[in-house]
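Reading the structure
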Amino acid sequence: MTPIKKLLGGSLLALAALTGSAYGAEKTAPIHFGDITWESGSLITEILRTIVEKGYGYPTDTLPGSTVSLEAALAKNDIQVIGEEWAGRSPAWVKAEAEGKVHGLGNIVKGATEGWWVPEFVIKGDPERGIKPLAPDLKSVSDLPKYKDVFKDPESPEKGRFLNSPTGWTSEIVNTQKLKAYKLNDSYVNFRTGSGAALDAEVASSIRRGKPVLFYYWSPTPLLGRFKLIKLEEPPFNEAAWKTLSDASNPNPIGSSSLAAHLAIGVSEPFRQQYPDLVSFFEKVDLPIDQLNKTLGEMSEKRQEPSVVAKSFLKDHPEVWTAWVPAEVASKVKAGL
């Protein structure tokens, strides 16, 4: 071989090696999921990751953040997937979706809901536990001012306490605006818990002790699978009012029930382009809400890690998830478990 041919051959080999390395790096780069902090989001994320890794062979990892920061990261493709996205809730999501930067895939939990709740015994009592009804006529958020002493705040006893979402959640903004809209700021403290786990612990502890508690909550969740709760009535949903509730800077919010829940899997536009096989899978995800609530309740009671519960769920309920994926993918997941 002449020197020039040797040089050319060596250059081509080097180029092929570099191209191959780059392609290999692209294929093995993990798909970044948002590290959701509430139980249903954590469990759904782990179910999706397990199927993606064991069924499709793609590596994954998780990156932490609040709801707001994760939605911003998704729009920039810093993360690629949010396993439980309450689509259409936040202005940031609506803007990014309109610009084609993010997409909500599927309708993953039908019948999901959110609102303000109290334990059933607050209204109806519980004879077995010797608890008398403390707010027998409580039906609506408009009734709350006359029951502020029932939900007395230990640090400001002249007011009641409303347990809000943690700061950084979209629902915290909405609830704060609702307190203004329902003119409850003079009678209730807007108490923000430090995390989803802290909110759960506060509510569960109060219910176990038979103590009244007023709180924001949603379904699917462990609490709705473990305790008898009553959701307070709010004015019918109004789209114009909703815009004032989801905008933290609006000084004159208008009361309204929350936007009907649509739980989807949030993905970035580059992800949608790069992984059509996973997009097809995500669009078919359908988790029965009663079964999900029960699973979440057991996970909470036993203090199990979501990754462990996800694998158990996939082993125990193939009738649910095998419909989401091709048969060969389902076989790989079963073998991997």
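Bear in mind that the values here come from a model prediction, so they are computed numbers and not experimental data. (Residues numbered from 1 in each chain as written. Predicted model: local features only at pLDDT ≥ 70, side-chain atom pairs only at ≥ 80, totals over all residues. Heavy atoms only, no water.)

Strand E3 (residues 81–86) sits mainly inside the fold: six of its six residues count as buried. The sheet contact formed by E3 and strand E10 (residues 263–268) spans four bridges and is antiparallel. When the sheet's bridge partners are listed, Val 81 is paired in E10 with Val 267. (Buried < 20%, exposed > 50% of the residue type's maximum accessible area, 1.4 Å probe, protein only. Helix = DSSP H or I, 4+ residues; strand = E, 2+ residues; numbered from the N terminus. Pairing = 2+ DSSP bridges.)

So, on to the environment of Leu 138. Position of Leu 138 among the secondary structure elements: in the loop between helix H5 (120–124) and strand E6 (160–164). Since its relative accessible area comes to 3%, Leu 138 is described here as buried. C-alpha separation for the pair Leu 138 and Lys 124, spaced 14 residues apart in sequence, amounts to 9.8 Å. If sequence neighbours within four positions are ignored, Leu 138 has contacts with Val 118, Ile 123, Asp 143, Leu 144, Tyr 147, Phe 151 and Leu 232. (Contact = heavy atoms within 4.5 Å.)

All right, on to the domain arrangement of the protein then. Assigned domains of the protein: these are domain 1 (31–110 + 261–336) and domain 2 (113–246). The straight-line distance from the C-alpha centre of domain 1 to that of domain 2 is 28 Å. Listed per partner, the contact involves 23 residues of domain 1 and 17 residues of domain 2. When domain 1 packs against domain 2, close to 1600 Å² is buried across both sides, 58% of that on carbon and sulfur atoms. (Domains from an automatic or database assignment. Buried area = accessible area lost by both parts, 1.4 Å probe.)

In this structure the tally under the stated criterion is 14 salt bridges. Close ionic contact of Glu 301 with Arg 226 constitutes a salt bridge, the shortest N to O distance being 3.0 Å. Of this pair, Glu 301 sits in helix H12 (residues 289–302) while Arg 226 sits in helix H8 (residues 222–226), and the two are 75 residues apart along the sequence. A relative accessible area of 22% means that Arg 226 is categorised as partly exposed. (Salt bridge = Lys/Arg side-chain N within 4 Å of Asp/Glu carboxyl O.)

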